[in-house]
Amino acid sequence: MICLSLTAGTLAENLRAAARFAPVIDMVELRADFLLREQRTDLHRFPSALPAARDGNRLPAILTVRAGRDGGQWREGEGERRHLLLHGVRGGGYAWVDLEGWLRGSDAGLLEAAAAAGTTVIRSMHDFEGVPDDLAKHLDGAARPQEIPKAAVMPGGSADLLRFARALQGLAPRRRVVVAMGAVGFATRVLARRFGSMFTFCSPNDIDARVAAPGHVDPETMAGLYRYHSIDADTAVFGVIGNPVMHSQSPVYHNRRFAEDQLNAVYLPFAVDDVDAFFELADLIPVDGFSVTIPHKQAVMGHLVQSDASVLGAGACNTVVRRGGGDADGGWIGYNSDVEGFLTPLLDAASQAGWPDLRGRRATVIGAGGAARAVVYALLRRGVNVLLLNRTLDRAEALVRDLAGTDSGASGAVTCAVLEASAADVMRRYADVIVQTTSVGMVPDSEAEPIPFYRFSGHEIVYDIVYTPPVTRLLRRAADAGCTTIGGARMFAAQADAQYRLFSRLQLADRSPRQ
Ligand code: NAP
């Protein structure tokens, strides 16, 4: 169930938010600690004013007055907080009331009122510092049998999230609510049922909405992008690992494709600071395949039982899938879809230019970072002769050495030079294609340009792999000079398409389309 946490200052604003999201939510939580003081008197009437849910029944509500020590906004006395909770519960309309674990033993009046009103107690604990060692104890023992235990914890990194997942594994079946907060724990929100949680919390995304807890997304994203309501035990889980990763466009791309193809699969951002811990977590969830972004493209290689030639050639891996797919435990296979992603738009442009292929062409590649490896590898394999320019010459030379050490099947040759104005002359001899792979020109520094000294003849194919902004200053100048230009968004789409084919073909071949 998707629970919308309501954090507006007035009951009317909260009702408006509930009505707005009613088509995609299943319940609400009134966070009465956010209410203006004068709004509290009518809080017992709130449940009966809620709109209908998708099933035609009124949306059920949790009453929560979260104390400051548990991450809430309540700054007044404890006596007044309990008085407010009693006032709400006695109104009889709340399906649940949230009572913190530390109230146990001193909450007899509240329990009596809840029992009389038919309100179920959610017995909650919060830890914003990490994952407590006694998490399982809280979830198993701290709540009375008729209560619903809830734990919201803040993993500090991948190893913490792994401990969280392991702690849940050993628990006896019971209705409970569990969540790992923040970017690291985001998967537990989307995969709430997989982690044994009755519901997941979301916050409205209105302009002045206050997110009730770290990691909340809005209910439309949860229900629409992540298709929360259709995630079940058979859903194949994919994702992207990186650090940072929450800005990644890959979840939008892959979830849309899964939905279009009616595949029972979901794709999540995993904020990962420890690749080893993530691989263990991937077995527990389980995860069937994932994209890899900065800074893990090399670190994942140690976990592969098999590497595609693109990984060995480029010395980096951006796509990992479980061998055999589905539940098979055949280890992980790595690919580098940047190689194909880079080549696809370039081959299109070359064919439009009337070139039979790229063989014998001469290209300048600017930059010698992770992405440049895939680019140089792809060009050399296609028989292109490459001039590699980088601000740091050592790094360019290391890239060339690494490529020479692999069985890359290269038929082109590569030479290196420092990226500086004096390189313009030699560039003119490597000017069929100019590929820009540095981060120069990327948002927010989008007026920067890595080769301001170079004058385009108008005959070059100019390819900038930066995709924010979609048209960089370099590409604008090249287009003005009459060059054919290719933006980084096309490479992004082509590499994502190559990944999607791996995810869907290898992992989902034996899964029938969703009805
Ligand atoms: P990276 O490994 O960090 O490499 C960065 C490169 O940029 C290095 O060559 C670095 O030179 C150079 N550089 C940075 N600042 C510079 C400056 N002020 N002047 C000159 N050179 C500078 O990064 P990456 O993973 O290769 O990614 C690079 C860019 O490609 C990013 O913008 C990324 O978003 C984009 N990308 C796009 C796609 C796509 O699908 N379109 C795929 C992958 C990457 P030094 O060696 O001298 O530091």
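Rules and cut-offs
Residues numbered from 1 in each chain as written. Predicted model: local features only at pLDDT ≥ 70, side-chain atom pairs only at ≥ 80, totals over all residues. Heavy atoms only, no water. Near = heavy atom within 4 Å. Polar contact = N/O pair within 3.5 Å; in protein donor to acceptor, adjacent residues only side chain to side chain. Areas by Shrake-Rupley, 256 points an atom, 1.4 Å probe, with all protein chains shown as cover. 1 Å grid on protein atoms, 1.4 Å probe; cavity = no way out; pocket = protein on both sides within 12 Å on 5 of 7 lines; lining within 4 Å. Sits in = over half its atoms within 2 Å of the grid points. Helix = DSSP H or I, 4+ residues; strand = E, 2+ residues; numbered from the N terminus. Nonpolar A, V, L, I, M, F, W, Y, C, P; charged D, E, K, R; others polar. Points joined across faces, edges and corners; volume = space filled by probe spheres on them. Domains from an automatic or database assignment. Buried < 20%, exposed > 50% of the residue type's maximum accessible area, 1.4 Å probe, protein only. Phe/Tyr/Trp six-rings, centres within 6.5 Å; stacked < 30°, edge-to-face > 60°. Lys NZ or Arg CZ within 6 Å of the ring centre and 35° of its normal. Pairing = 2+ DSSP bridges. Axes fitted to C-alpha atoms, helices over the stretch in contact; angles between N-to-C directions. Contact = heavy atoms within 4.5 Å. Core = buried A, V, L, I, M, F, W, Y, C linked by side-chain atoms within 4.5 Å.

K.L.:
What's the story with the site of the ligand in this structure? I'm lost.
P.N.:
The ligand sits among 21 residues. The nearest are Gly370, Ala371, Asn390, Thr392 and Ile465. Within the backbone of Gly370, one N or O atom sits 2.9 Å away from an oxygen atom of the ligand. At 2.9 Å from an oxygen atom of the ligand is found a side-chain nitrogen or oxygen belonging to Arg391. In the complex, the protein chains occlude 78% of the 930 Å² of accessible area that the ligand would expose alone. With respect to the detected pockets, the ligand is housed in the largest pocket. Elements with a minimum of two residues in the shell around the ligand: helix 12 (370-381) and helix 16 (488-508). Considering only residue class, the shell around the ligand consists of ten nonpolar, nine polar and two charged.

K.L.:
Explain the layout of surface pockets to me, please; I cannot follow it from the model alone.
P.N.:
Considering only enclosed or pocket space, the largest pocket measures out at about 1,500 Å³ in volume. No other element matches the five residues that helix 16 contributes to the lining of the largest pocket. Of the residues that constitute the lining of the largest pocket, the class distribution is 18 nonpolar, 22 polar and five charged. Taken domain by domain, the makeup of the lining of the largest pocket includes at least three residues from each of domain 2 (242-337 + 494-508) and domain 3 (339-491). Around the second largest pocket, the lining comprises 19 residues; the ones closest to its centre are Asp308, Ser310, Asn336, Val339 and Glu340. For the lining of the second largest pocket, the element with the most residues is helix 11 (residues 337-352), which contributes six residues. Along the lines of polarity and charge, the residues of the lining of the second largest pocket split into nine nonpolar, four polar and six charged. Domain assignment of the residues forming the lining of the second largest pocket places at least three in each of domain 2 (242-337 + 494-508) and domain 3 (339-491).

K.L.:
Would you explain the environment of Leu162 in this entry?
P.N.:
Mapped onto the elements of the fold, Leu162 is located in helix 5 (residues 158-169). Overall, Leu162 belongs to the buried group, its relative accessible area being 6%. Spatially, the C-alpha atom of Leu162 lies 8.6 Å from that of Leu284, the residues being 122 residues apart in sequence.

K.L.:
How should I be thinking about the packing of aromatic side chains in this particular structure?
P.N.:
Two aromatic rings, taken as a pair, are described by how far apart their centres are and by the angle between their planes. According to the stated counting rule, one finds 17 aromatic pairs in the structure shown. Taking the centre distance of 5.3 Å and the plane angle of 80 degrees together, the rings of Tyr454 and Phe456 count as edge-to-face. In this structure an aromatic cluster arises from ring pairing among Phe238, Phe258, Tyr267, Tyr500 and Phe503. The ring of Trp102 carries the charged tip of Arg69 above its face, separated from the ring centre by 3.9 Å. The positively charged end of Arg361 is found above the aromatic ring belonging to Trp355, 4.0 Å away from the centroid.

K.L.:
Help me understand the sheet that holds strand 8 (residues 200-202), please; the structure alone is not making it clear to me.
P.N.:
Paired through backbone hydrogen bonds, the strands of a sheet run either parallel or antiparallel to each other. Ordered in space as 7-6-5-4-3-2-1-8, the eight strands form an open sheet in which the pairing is parallel. The open sheet is flanked by strand 7 (177-180) and strand 8, the only strands paired with a single partner. Put simply, the sheet's adjacent strands are angled 25 degrees from each other on average, direction ignored. Most of the contacts of helix 4 (residues 135-142) go to strand 6 (residues 148-153), to which it runs at about 160 degrees, and overall it touches strand 5 (120-127), strand 6 and strand 7.

K.L.:
Looking at this model, I keep getting lost on the sheet that holds strand 20 (residues 484-486). Mind explaining?
P.N.:
The strand order across the open sheet built from six strands is 17-16-15-18-19-20, with neighbouring strands paired in parallel fashion. Every interior strand has two partners, whereas the edge strands, strand 17 (414-418) and strand 20, have only one. Ignoring which end each strand starts from, the neighbouring axes of this sheet average 15 degrees apart. Pairing analysis gives four bridges linking strand 15 (residues 362-366) to strand 18 (residues 433-436), with the strands arranged parallel. Bridge pairing in strand 18 links Ala363 to Val433. On the sheet, helix 12 packs against strand 15, strand 16 (385-390), strand 17 and strand 18 and is oriented at approximately 170 degrees with respect to strand 15. Those strands touched by helix 13 (residues 393-404) are strand 16 and strand 17, and its axis lies near 170 degrees from that of strand 17.

K.L.:
Quick question: what am I supposed to make of the nonpolar core here?
P.N.:
With 104 residues, the main nonpolar core has Val28, Phe164, Phe270 and Phe290 as its most contacted residues. Three or more residues apiece are contributed to this core by two domains, here domain 1 (2-224) and domain 2 (242-337 + 494-508). Not counting chain neighbours up to four residues away, the residues in contact with Phe164 comprise Val131, Leu135, Val153, Val178, Val179, Ala180, Thr188 and Phe195. In terms of nonpolar packing, the next biggest core, distinct from the first, is built from 34 residues, Trp355, Ala372, Leu399 and Met491 among them.

K.L.:
Where do I start with unusual backbone geometry in this structure?
P.N.:
Glycine aside, residues mostly have negative phi angles, and peptide bonds mostly take the trans form. Each neighbour pair has its own omega, and for Asn243 with Pro244 the value is 5 degrees, a cis peptide bond. Here Pro244 is to be found in the loop between strand 9 (236-242) and helix 8 (250-260). Residue Pro444 is bonded to the preceding Val443 through a cis peptide linkage, with omega at 10 degrees. For Pro444, the location among the structural elements is in the loop between strand 18 and strand 19 (461-464). Positive phi is not limited to glycine here, since Arg227 has a value of about 50 degrees. Residue placement: Arg227 occurs in the loop between helix 7 (219-225) and strand 9. Here Arg227 falls in the buried class, since its relative accessible area comes to 15%. Despite not being glycine, Gln262 has its phi angle at roughly 50 degrees, a positive value. Summarising the element assignment, Gln262 is placed in the loop between helix 8 and strand 10 (265-271).

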